[in-house]
Amino acid sequence: MRILNLLKVAFKAIVLNKMRSLLTMLGIIIGVASVIAMLAIGEGSKASIRESISNMGSNIITIRPGAEVRGGVRGSASDMQTLTFEDYEAIRDEATLLSHITPMVNGGGQVINGSNNWPSTIYGVNPEYLEIKVVDLQNGSMFTNAEVQAAAKVALIGQTVVENVFPDGTNPVGQMIRFNNIPFKVIGVLEEKGENTFGQDQDDVVIAPYTTVQKRILAIDYLNQVMASAVSEEDAPEAVTQVIDIMRTQHKLRDDEEDNFSVRSMEELISTFSSTTEMLTILLVAVASISLLIGGIGIMNIMYVSVKERTKEIGLRMAIGGRGADILMQFLIEAILISITGGLLGVVLGLGATVFIEKFLHWPTSVALYSIVISFAVCAITGIFFGWYPARKAAALDPITALRYE
Amino acid sequence: MSKEIIKINELKRSFTMGTETVHALKGISFTINKGEFVTIMGSSGSGKSTLLNILGCLDQPSSGSYEIDGVSIKDLSKNQLANIRNEKIGFIFQSYNLLPRTTAIENVELPLLYNRKVNSTERKSRAIKALKMVGLGDRLHHTPSQLSGGQQQRVAIARSLVNDPVMILADEATGNLDTRTSYEIMSLFQELNRKGITITFVTHEPDIASFSNRTIVLKDGNIIKDYFNTNILSAEKELAALPIEDH
C-alpha cells in the first residue's frame, strides 16, 4: 500500500475511535508536557541563578599580588608589596575588555561612634567600586574623584556597621565616625546585600577613598588588589588573559618565570552553579521521561487490544491482498500517528503549563527549543518502539484463523 | 475450448493435530473453465472449507497441484500469494466482513488499496461502477449499519468485483440471509455469471446448487459427485414465485 493510503487508513482508525485514541494519547500528552515544563523550570532557574550571581558581580576580575619567591622562600600573598599603583594604571589604560577598574587596599579596625564600636574592615577604593560590585546607595552619595585626589576623610558604611554603631536609628549620613581613631565623615550608606556565596557578610564594610586608606590608616604605597569588571560575563575569561599579559609585561617577567600575581574571575563559580542546576534539571526530566515511557506502554496496550479487536478486519485485508508488510505498516503508522498527535498536544499543553507556572506561581521559566525538539523526537520513537510489537503480531496472523475469529 | 481458470490435480491436504494426522483432502482433481458457475457442496467435515482456503490461495496443498489462471501456486511466497488473491480472486464471505463505520465506496475500494497500479481517481470510479453493477448506485455513502443484510452482501459482492478477478469465490454467501434475500443475491450472481464472470460458490444448502450450472459434492475429503445441471433454476423467477411478504 502507498504511504498516503496508509496514513489515510490510520487517520481514519484514530478518528473512528476518538475517545479511545485521546485516552491513549493522554499518557504521551502528559509525558511530553511535563518534560517541556520541567525543562522550562530547569532552564528558568538556571537563568535566574546566573542572574543573581551576575548581580553579585559575575564579571568581577580580581588581581592580587602573588607569592614571590625570594631565595627559595615563598612569601605570603598578603605581605606582598608587588602590586603597585602603576600596575593598576597599566591595566586601566591597556585592557580593552574591562568596563570598570579600581585599586583596592583594605585593613581591619574598629569603627567607633561615641560609645558604640564595632570591628569591621575598611576598603580603600575609587568611585568605580560601586559599579564593579553592583552595589546601590541607600542614602547619601559616593565620594568623588576629587575627594580621592585629596585623600578626603569621607566614608560609606554598610548596613551591619550602621546597625552596630548607630543602634538608635539616627541617619548616619553627615555623622562623624572614627576608624582606628581616624575621623571619617559618613557621606553614604550602602544598600543591604546580605551574605555572599561564601557566607561572608557583605554589609560589614566601610568604604573610603583608597588614597585616604593608604596614607592615613595603612601607611603603605602599594595595593592589596586591583578589582575590575569585564565588559560582559562572556568576555571575562578573555579579559583575564589580557590582564595577565599586561601584568607580565608590567612586572618584566621572562617567559620561563612564574606569575608573581594572580588573576581570578567569578566564571568558575558560575560554572559550579550551572552544573548544580543542570543536575536538578536532569533529575526533573528523568521523572518526566518516566511518564513518557508509561505513555508509550499505554500505546502498546491499546494497540494490542486494537489488533485483537480487529482480527477479522486483518483477516479480510489479508484475504483481499494485503501483505504482512501492509498490515504491519498500517498498525505501526497508527501507533506513530497517535504518539505524534499526542506529542503535539503535549507541546501545546507544556507551553501552556509553562505560562501558567510563570504567571501564577512566579517561578522563573524559560522554554528551550531543544526541549520541544527532543520530546517530540522521543514521542515518535516511542510510537515506533511500542507500536512495533502489536503491529508485528497483527502482520503475523494467519489469514484463515483471522477470518474465522469471532 | 474455453479457458481453464482453476486446474486441480491430485490435490491433498493433511493437518497434524497433536499426534494424529487428519487428511482433509485425499487427492481430488477437477477443472473449472471460464464462465462456469460451480457450487461446491458438502456437509461439515467434508473438506469443503479446506478446499475453499486452497482455492482462495489462503492455504497451500500438502501435495498435488493447483493452478489459477495458469499460475501454479506451489512454492509461491506469502507475498506472491497475497498478490494472487488481490488480482485474481474476489472473496465473498458469509458474514460480509465489511469494515464497520466505513462507507460502501470505501469498503469496495479496499482491494484496490493494495494494488499499487491503481490510483485514487481510478479507484473511486471503479468502486462506483462495481456498486452500480450490484444495484447500490444510490447507497454509495452508506455505512454497513445503515444497510440491510442483503445490501451489505451486495457491497461485499461489489468489493469482490472491483479488482476484475478471474473468479469470484463465495463462502456460504447466502448463509446469513432469509430466503427472499438469498434468492435476490443468487439472482445477482446469475446475472454476473451471464456477463461471463466465473463463480465458485461453496455451500451446504442444496437448493442454492440448483441455481448453478455445475455441482461438485465433497464427502470425507473426496469428490463423490461432479455433474452439470441440466435444469438450472432462475433465481429471478423463483423470487417472483415467492409469496409476497408484508413490509
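**A look at the overall build of chain B**
Within chain B one finds eight helices and ten strands. In terms of overall size, chain B behaves like a compact globule, its C-alpha atoms giving a radius of gyration of 18 Å where 247 residues would be expected to give roughly 18 Å. A buried classification covers 54% of the 247 residues belonging to chain B. Pairs at least 24 residues apart make up 70% of the contacts formed inside chain B by residues separated by at least 6 positions. Summing over all exposed atoms, chain B offers an accessible surface of approximately 11200 Å²; the carbon and sulfur share of this is 48%. Counting 29 positive and 27 negative side-chain charges, chain B places the averaged centre of each group 5 Å from the other.

**Some details on the pattern of salt bridges**
With the rule as written, the count across this model stands at 19 salt bridges over all chains. Residue A:R254 is joined to A:D256 by a salt bridge in which the shortest nitrogen-to-oxygen separation is 3.4 Å. Across the pair, exposure class does not vary: A:R254 and A:D256 are exposed alike. B:D226 is paired through a salt bridge with B:R214; the nearest N and O atoms lie 2.9 Å apart. Taken as a pair, B:D226 in strand β10 (residues 222-228) and B:R214 in strand β9 (residues 214-219) lie far apart in primary sequence, twelve residues in all. Each of the salt bridges in this network shares a partner with another, and the network as a whole consists of A:R310, A:E313, A:R317 and A:E334.

**Observations concerning the sheet that holds strand β7 (residues 167-171) of chain B**
Residue and element names in this part refer to chain B. Pairing is mixed in the open sheet, where six strands are placed in the order β6-β7-β8-β3-β9-β10. Each edge of the open sheet is held by one strand with a lone partner, namely β6 (89-92) and β10. Looking at each pair of strands side by side, their axes are set apart by 15° on average, direction ignored. Where β6 lies against β7, four bridges are found, and the strand directions are parallel. Pairing of I92 across the sheet is with A170, part of β7. Against the sheet, helix α5 (residues 149-161) makes contact with β6 and β7, and its axis sits at roughly 170° relative to β6, the strand it touches most.

**What about the side chain of A:S339?**
Residues and elements named next belong to chain A. When you line up the elements, S339 lands in helix α11 (residues 324-361). A polar contact of 3.3 Å, which involves the side chain of S339, links it to the backbone oxygen of C379. Residues in contact with S339, not counting those within four places in the same chain, are I28, I299, C379, A380 and G383.

**Here we look at a nonpolar patch on the surface**
Residue and element names in this part refer to chain A. A cluster of nonpolar side chains, contributed by M19, L23, L26 and I30, occupies part of the molecular surface with about 400 Å² of accessible area. Along the chain, the position of I30 falls in helix α2 (residues 18-57). Looking at I30, the relative accessible area reads 45%, which means it is partly exposed.

**A look at helix α10 (residues 311-319) of chain A**
Summarising burial for α10(A): eight of the nine residues are buried, a large majority. Taken from the residues just after α10(A), A:G321 is the one with a positive phi, measuring 120°.

**Let's talk about the sheet that holds strand β4 (residues 63-68) of chain B**
Residues and elements named next belong to chain B. Spatially, the four strands line up as an open sheet ordered β2-β1-β4-β5, and their pairing is antiparallel. Looking at which strands have only one partner, the edges of the open sheet turn out to be β2 (20-33) and β5 (71-72). Of the pairings in the sheet, the one linking β4 to β5 comprises two bridges and is antiparallel in character. Bridge pairing in β5 places E67 opposite S72.

**A look at the domain arrangement of chain A**
Domain boundaries assigned for chain A yield domain 1 (3-52 + 272-404) and domain 2 (59-265). Centre-to-centre separation of domain 1 of chain A and domain 2 of chain A, based on C-alpha positions: 58 Å.

**Let's talk about the packing of helix α3 (residues 104-113) of chain B against α5(B)**
Residues and elements named next belong to chain B. Interaxial distance between α3 and α5 falls to 7 Å at its minimum, and their mutual angle equals 35°. Every pair of crossing elements has a handedness; the one defined by α3 and α5 is right-handed. Note on element contacts: α5 touches α3 through V155, A158 and R159, opposite A104, N107, V108 and P111. When the residues that make up the contact of α3 with α5 are grouped by side-chain class, the tally is five nonpolar, one polar and one charged.

**Points about helix α1 (residues 48-55) of chain B**
Residue and element names in this part refer to chain B. Along α1, seven of the eight residues are buried, which leaves the element largely enclosed by surrounding structure. Looking at α1, one finds that the buried residues are K48, T50, L51, L52, N53, I54 and L55. A positive phi of about 60° marks C57, the residue just after α1.

**Overview of a negative patch on the surface**
Residues and elements named next belong to chain A. A cluster of acidic residues, D136, E163, E191, E192, E195 and D201, forms a negative patch on the protein surface. By the secondary structure assignment, E195 is in the loop between β9 (182-190) and β10 (205-209). Judged by its relative accessible area of 59%, E195 is exposed.

**So, the interface of chain B and chain A**
Taken together, the contact pairs 29 residues of chain B with 26 residues of chain A. Summed over both partners, the interface of chain B with chain A buries about 2400 Å², with 51% contributed by carbon and sulfur atoms. Looking at the side of chain B facing chain A, the largest losses of area belong to B:R101, B:Y114 and B:R116, adding up to 27% of the total buried there. Across the chain B-chain A interface, the total number found is two salt bridges. Taking the shortest distance from any N to any O, the salt bridge between A:K12 and B:E106 comes out at 3.2 Å. Linking chain B to chain A there are nine residue pairs in polar contact (both at pLDDT 80 or more). Of all the secondary structure elements, the ones that give two or more residues to the side of chain B that touches chain A are α1, α2 (78-88) and α3 of chain B. Grouping the amino acids of the side of chain B that touches chain A by side-chain chemistry returns twelve nonpolar, nine polar and eight charged.

**Looking at unusual backbone geometry**
All names here are of chain B. Backbone geometry places C57, a non-glycine residue, at a positive phi of 60°. Here C57 falls in the buried class, since its relative accessible area comes to 0%. Of note in this structure, D69 is not a glycine but carries a positive phi near 50°. Take D69: it is sitting in the loop between β4 and β5. Among the residues examined, D69 registers a relative accessible area of 18% and is labelled buried.

**Some thoughts on the packing of aromatic side chains**
Each aromatic ring pair is characterised by the separation of its centres together with the angle its planes make. Residue and element names in this part refer to chain A. Evaluated as defined, the whole model comprises ten aromatic pairs over all chains. Aromatic side chains F356 and F360 sit 5.0 Å apart centroid to centroid with 35° between the ring planes, which places their arrangement in the tilted category. Taken together, the residues F356 and F360, both in helix α11 and four residues apart, mark about one turn of the helix. With a relative accessible area of 47%, F356 lands in the partly exposed category. Under the relative-accessibility criterion, F360 is labelled exposed at 58%. By the ring-pair criterion, three or more aromatic residues cluster together here, those being F85, Y88 and Y210.

Reading guide: rules and limits
Residues numbered from 1 in each chain as written. Chains lettered and ligands numbered in written order. Predicted model: local features only at pLDDT ≥ 70, side-chain atom pairs only at ≥ 80, totals over all residues. Heavy atoms only, no water. Helix = DSSP H or I, 4+ residues; strand = E, 2+ residues; numbered from the N terminus. Rg over C-alpha atoms; globule rule 2.2 N^0.38 Å. Buried < 20%, exposed > 50% of the residue type's maximum accessible area, 1.4 Å probe, protein only. Contact = heavy atoms within 4.5 Å. Areas by Shrake-Rupley, 256 points an atom, 1.4 Å probe, with all protein chains shown as cover. Lys, Arg positive; Asp, Glu negative; His and termini not counted. Charge placed at Lys NZ, Arg CZ, Asp CG, Glu CD. Salt bridge = Lys/Arg side-chain N within 4 Å of Asp/Glu carboxyl O. Pairing = 2+ DSSP bridges. Axes fitted to C-alpha atoms, helices over the stretch in contact; angles between N-to-C directions. Polar contact = N/O pair within 3.5 Å; in protein donor to acceptor, adjacent residues only side chain to side chain. Patch = residues over 30% accessible without salt bridge, like charges linked within 9 Å, V, L, I, M, F, W, Y side chains within 5 Å. Domains from an automatic or database assignment. Left-handed = near helix turned anticlockwise from the far one by under 90°. Nonpolar A, V, L, I, M, F, W, Y, C, P; charged D, E, K, R; others polar. Buried area = accessible area lost by both parts, 1.4 Å probe. Phe/Tyr/Trp six-rings, centres within 6.5 Å; stacked < 30°, edge-to-face > 60°.

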